[in-house]
Amino acid sequence: MSVSRNIADVLQRVASACARSGRDGGSVRVVAVSKTKPSDAVKACYDAGHRSFGENYVQELIDKAPTLPDDVRWHFVGHLQSNKAKALLEGVPSLAMLETIDSEKLANKVNNAVPERRANALDVMVQVNTSGEESKHGCEPADAVKLARHIVDNCPRLRFAGLMTIGMPDYTSRPECFETLVECRRQVCAELGLDESACELSMGMSGDFEQAIEMGSTNVRVGSTIFGAREYPNKA
Ligand SMILES: *Cc1c(COP(=O)(O)O)cnc(C)c1O
């Protein structure tokens, strides 16, 4: 398994999906999701020229970030408990994007946790539960407008960057989930007076990132196709 070959292959597939759907190849960001993988695997991908990486456990990211170069663009893609917001923002001062804001309470906590010394507002996405499963985090699709508006109006240290969803685990049921997110963007942009280009869509993982791009995704989160299957020694 070669990480450098795998990332090159994923970028090629992204370029092809963009071409097929008449989109500019530069319009899609690949976030290489490195959770459970050691720093040297991340470094191999970095050395191949990649800069955007994703993690979904707070402590793992806090431990990993200092072992990698400063210009890594870290995306936090996991569920964030509001009492961990401060640890995340202080432990990872260069955090590029937090993709999983799913309540006003969390937005407020994160807003207050952004250190004064940080030059720019923190880019955040609103996570939407498009599959209706209780086990999935994210706000209801009907609440996305309200939450996005709350961020724009009340959280000056956050910049609303777009919408994120996980969807269903099996690809065949996903198109509906992705369609739901596209519809959420339409509503958010109409209600907040934003251009659609100002509202990213984070959708698509290893099993379906090409389909997601064809449906308009601007940010795909790809883990196992780049780093290999994950092992969870103590977690289900
Ligand atoms: C783990 C994870 C991914 C990557 O999943 P793969 O199927 O391995 O590509 C993407 N998004 C989130 C939120 C994840 O937790």
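Residues numbered from 1 in each chain as written. Predicted model: local features only at pLDDT ≥ 70, side-chain atom pairs only at ≥ 80, totals over all residues. Heavy atoms only, no water.

Peer 1: Could you give an account of the site of the ligand, with specific residues and numbers?
Peer 2: By nearness alone, 13 residues border the ligand, and Lys 35, Ser 206, Gly 223, Ser 224 and Arg 230 come closest of all. Within the side chain of Arg 221, one N or O atom sits 2.9 Å away from a nitrogen atom of the ligand. Measuring from an oxygen atom of the ligand, one finds a backbone N or O atom of Gly 223 at 2.8 Å. Starting from 390 Å² of accessible surface for the ligand in isolation, the protein chains cover 90%. With respect to the pocket detection grid, the ligand is positioned in the largest pocket. Of the residues that constitute the shell around the ligand, the class distribution is 6 nonpolar, 4 polar and 3 charged. (Near = heavy atom within 4 Å. Polar contact = N/O pair within 3.5 Å; in protein donor to acceptor, adjacent residues only side chain to side chain. Areas by Shrake-Rupley, 256 points an atom, 1.4 Å probe, with all protein chains shown as cover. 1 Å grid on protein atoms, 1.4 Å probe; cavity = no way out; pocket = protein on both sides within 12 Å on 5 of 7 lines; lining within 4 Å. Sits in = over half its atoms within 2 Å of the grid points. Nonpolar A, V, L, I, M, F, W, Y, C, P; charged D, E, K, R; others polar.)

Peer 1: Can you explain the UniProt feature "modified residue: N6-(pyridoxal phosphate)lysine" (unreviewed entry) in the protein chain? Please cite residues and give values.
Peer 2: Listed under "modified residue: N6-(pyridoxal phosphate)lysine" (unreviewed entry) in the UniProt record, and renumbered for this structure, are Lys 35. Its place among the elements puts Lys 35 in the loop between strand S1 (29–33) and helix H2 (39–47). Dropping the residues within four chain positions of it, Lys 35 is found in contact with Gly 54, Glu 55, Asn 56, Tyr 57, Glu 60, Lys 64, Arg 230 and Tyr 232. (UniProt positions renumbered as here; feature names shortened; annotations may be inferred. Helix = DSSP H or I, 4+ residues; strand = E, 2+ residues; numbered from the N terminus. Contact = heavy atoms within 4.5 Å.)

Peer 1: Pulling in residues and values, what's your account of the side chain of Lys 37?
Peer 2: By the secondary structure assignment, Lys 37 is in the loop between S1 and H2. At 6.4 Å, Glu 231 is the nearest oppositely charged side chain to Lys 37, a buried residue that forms no salt bridge. Polar contacts involving the side chain of Lys 37 include one to the main-chain carbonyl oxygen of Ala 229, which spans 2.7 Å. Sequence-distant contacts of Lys 37, that is, excluding residues within four places in its chain, are made with Glu 60, Lys 64, Phe 227, Gly 228, Ala 229 and Arg 230. (Buried < 20%, exposed > 50% of the residue type's maximum accessible area, 1.4 Å probe, protein only. Lys, Arg positive; Asp, Glu negative; His and termini not counted. Salt bridge = Lys/Arg side-chain N within 4 Å of Asp/Glu carboxyl O.)

Peer 1: Explain the layout of surface pockets residue by residue, including any values.
Peer 2: Estimated volume of the largest pocket: approximately 600 Å³. Surrounding the largest pocket, 27 residues form its lining, Lys 35, Asn 56, Val 77, Gly 78 and His 79 being those nearest its centre. Residue composition of the lining of the largest pocket, by class: 11 nonpolar, 12 polar and 4 charged. (Points joined across faces, edges and corners; volume = space filled by probe spheres on them.)

Peer 1: An account of the pairing of strand S3 (residues 73–76) is requested, with residue identities and associated values reported.
Peer 2: Sheet analysis places strand S2 (residues 52–55) next to S3, joined by 4 bridges and oriented parallel. Residue pairing across strands places Phe 53 opposite Trp 74, the latter belonging to S3. Assessed by its sense of winding, the connection that carries the chain from S2 through helix H3 (residues 58–64) to S3 is right-handed. For S3 and strand S4 (residues 97–101), the ladder comprises 2 bridges, and the chain directions are parallel. Paired with Phe 76 across the two strands is Leu 98, which belongs to S4. For the crossover from S3 across helix H4 (residues 85–91) to S4, the handedness is right-handed. (Pairing = 2+ DSSP bridges. Right-handed = clockwise from strand over helix to strand, strands pointing away.)

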